[in-house]
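# Commentary on secondary and tertiary structure
Letter by letter, the chains look like this.
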Amino acid sequence: YRPFLQYEGHVGFSDLAFSDDKIYVEGCRLFQEIHRYYPEAYFVLNTRDEDGWIRSRLAHQNGRIIGHVTAATGLSEDEVIDGWRTVFRRHHDEVESHFNDCPRYLRFDIETDDISDFAKLVEPNFTIDTTHWRKANRNRELARAVSAT
């Protein structure tokens with residue numbers, strides 16, 4: 001079963017996480033299977049500082065994600081956050097190992113890297129006008145993080 005069989009006309013996917021009160025799926029963890037079915041795809045590990053990633057994750061679904069995940073898993077908020085930290089570290093290690101020497105892979109730090117790195121990765125197949133790219137949601141995330149403390 002091809003992971004994106006119903007969506008093969010789409011150009012890209014991002015942030016493959018889903019949760020509600022019944023299910024919690026970290027779709028990005030399926031990267032090996034996705035790579036097996038789509039070996040010519042580009043793979044980008046969007047990353048940032050671990051604590052910043054946790055704050056951003058807590059802001060998902062207007063801050064409701066933690067409630068959905070605790071309801072779906074039966075874990076406490078602290079246990080969920082500890083689990084996210086474990087997943088963050090494991091995922092990075094496994095992705096880096098799997099895509100070692102893969103020319104269609106990019107580790108992209110959303111805080112520090114320039115979009116031109118992404119444009120160079122995909123330029124054999126896509127033209128990216130980097131003048132249209134900017135950071136988004138940063139102030140909203142920071143406001144949520146401050147109000148949560």
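In case you missed it, the structure is sitting above this.
Residues numbered from 1 in each chain as written. Predicted model: local features only at pLDDT ≥ 70, side-chain atom pairs only at ≥ 80, totals over all residues. Heavy atoms only, no water.

## Regarding the overall build of the protein
Along its length, the protein carries 6 helices and 4 strands. For the protein, the N- to C-terminal ordering of α and β elements is β-β-α-β-α-α-α-β-α-α. Of the contacts formed within the protein by residues at least 6 apart in sequence, a portion of 64% connects residues at least 24 apart. Roughly 10200 Å² of accessible area belongs to the protein as shown, and the carbon and sulfur atoms make up 50% of that amount. (Helix = DSSP H or I, 4+ residues; strand = E, 2+ residues; numbered from the N terminus. Contact = heavy atoms within 4.5 Å. Areas by Shrake-Rupley, 256 points an atom, 1.4 Å probe, with all protein chains shown as cover.)

## A few points about a negative patch on the surface
Taken together, Glu 77, Asp 78, Glu 79 and Asp 82 make up a surface patch of like negative charges. Looking at Glu 77, the relative accessible area reads 48%, which means it is partly exposed. (Patch = residues over 30% accessible without salt bridge, like charges linked within 9 Å, V, L, I, M, F, W, Y side chains within 5 Å. Salt bridge = Lys/Arg side-chain N within 4 Å of Asp/Glu carboxyl O. Lys, Arg positive; Asp, Glu negative; His and termini not counted. Charge placed at Lys NZ, Arg CZ, Asp CG, Glu CD. Buried < 20%, exposed > 50% of the residue type's maximum accessible area, 1.4 Å probe, protein only.)

## Considering the side chain of Thr 47
Topologically, Thr 47 is positioned in strand E3 (residues 43-47). Of note is the side chain of Thr 47, whose polar atom sits 2.5 Å from the side chain of His 92. For Thr 47, the residues in contact, after removing those within four places along its chain, are Phe 88, His 92, Arg 107, Phe 108, Asp 109 and Ile 110. (Polar contact = N/O pair within 3.5 Å; in protein donor to acceptor, adjacent residues only side chain to side chain.)

## Considering the pattern of salt bridges
Following the criterion strictly, the structure yields 8 salt bridges and no others. Note that Glu 40 is salt-bridged to Arg 104, the shortest N-O span being 3.7 Å. Of the two residues, Glu 40 sits in the loop between helix H1 (31-37) and E3 while Arg 104 sits in the loop between helix H4 (77-98) and strand E4 (105-109), which places them 64 residues apart along the sequence. Since its relative accessible area comes to 57%, Glu 40 is described here as exposed. Put simply, Glu 50, Asp 51, Arg 85 and Arg 89 are held in one network by salt bridges that share partners.

## Re the packing of aromatic side chains
Applying the stated rule across the entire model yields 9 aromatic pairs. Geometrically, the ring pair formed by Tyr 42 and Phe 126 is edge-to-face, given 6.5 Å between the ring centres and 65 degrees between the ring planes. Of the two residues, Tyr 42 sits in the loop between H1 and E3 while Phe 126 sits in the loop between helix H5 (115-122) and helix H6 (138-148), which places them 84 residues apart along the sequence. Following the ring pairs from residue to residue traces out a cluster consisting of Phe 4, Tyr 7, Phe 13 and Tyr 38. Above the ring of Trp 84, the side-chain terminus of Arg 57 is found at 5.2 Å from the ring centroid. Here the guanidinium or amino end of Arg 104 rests over the ring plane of Tyr 42, the centre of that ring lying 4.4 Å away. (Phe/Tyr/Trp six-rings, centres within 6.5 Å; stacked < 30°, edge-to-face > 60°. Lys NZ or Arg CZ within 6 Å of the ring centre and 35° of its normal.)

## Comments concerning the environment of Arg 48
Counting through the fold element by element, Arg 48 comes out in the loop between E3 and helix H2 (50-59). For the pair Arg 48 and Asp 109, spaced 61 residues apart in sequence, the C-alpha to C-alpha distance is 5.2 Å. Among the polar contacts listed, one links the side chain of Arg 48 to the backbone oxygen of Gly 52, at a separation of 3.4 Å.

## Notes on the environment of Pro 103
You can see Pro 103 is positioned in the loop between H4 and E4. The sequence separation of Pro 103 and Phe 43 amounts to 60 residues, and the corresponding C-alpha distance is 9.5 Å.

## Structural notes on helix H3 (residues 65-73)
Since one α-helical turn is 3.6 residues long, residues separated by three or four positions face the same way. Among the residues of H3, Ile 65, Ile 66, His 68, Val 69 and Thr 70 are the ones counted as buried. Looking one or two residues beyond H3, the residue adopting positive phi is Gly 74, at roughly 80 degrees.

## Focus: the packing of H3 against H4
Following both chains from N to C, one finds H3 and H4 inclined at 95 degrees, their axes separated by 10 Å at the closest point. Between H3 and H4, the interaxial angle falls into the category roughly perpendicular. When H3 is examined against H4, the residues Ile 65, Ile 66, Val 69, Thr 70 and Thr 73 are found in contact with a partner set consisting of Glu 77, Val 80, Ile 81 and Trp 84. Grouping the constituent residues of the contact of H3 with H4 by class yields 6 nonpolar, 2 polar and 1 charged. (Axes fitted to C-alpha atoms, helices over the stretch in contact; angles between N-to-C directions. Parallel < 35°, antiparallel > 145°, perpendicular 65-115°, else oblique. Nonpolar A, V, L, I, M, F, W, Y, C, P; charged D, E, K, R; others polar.)

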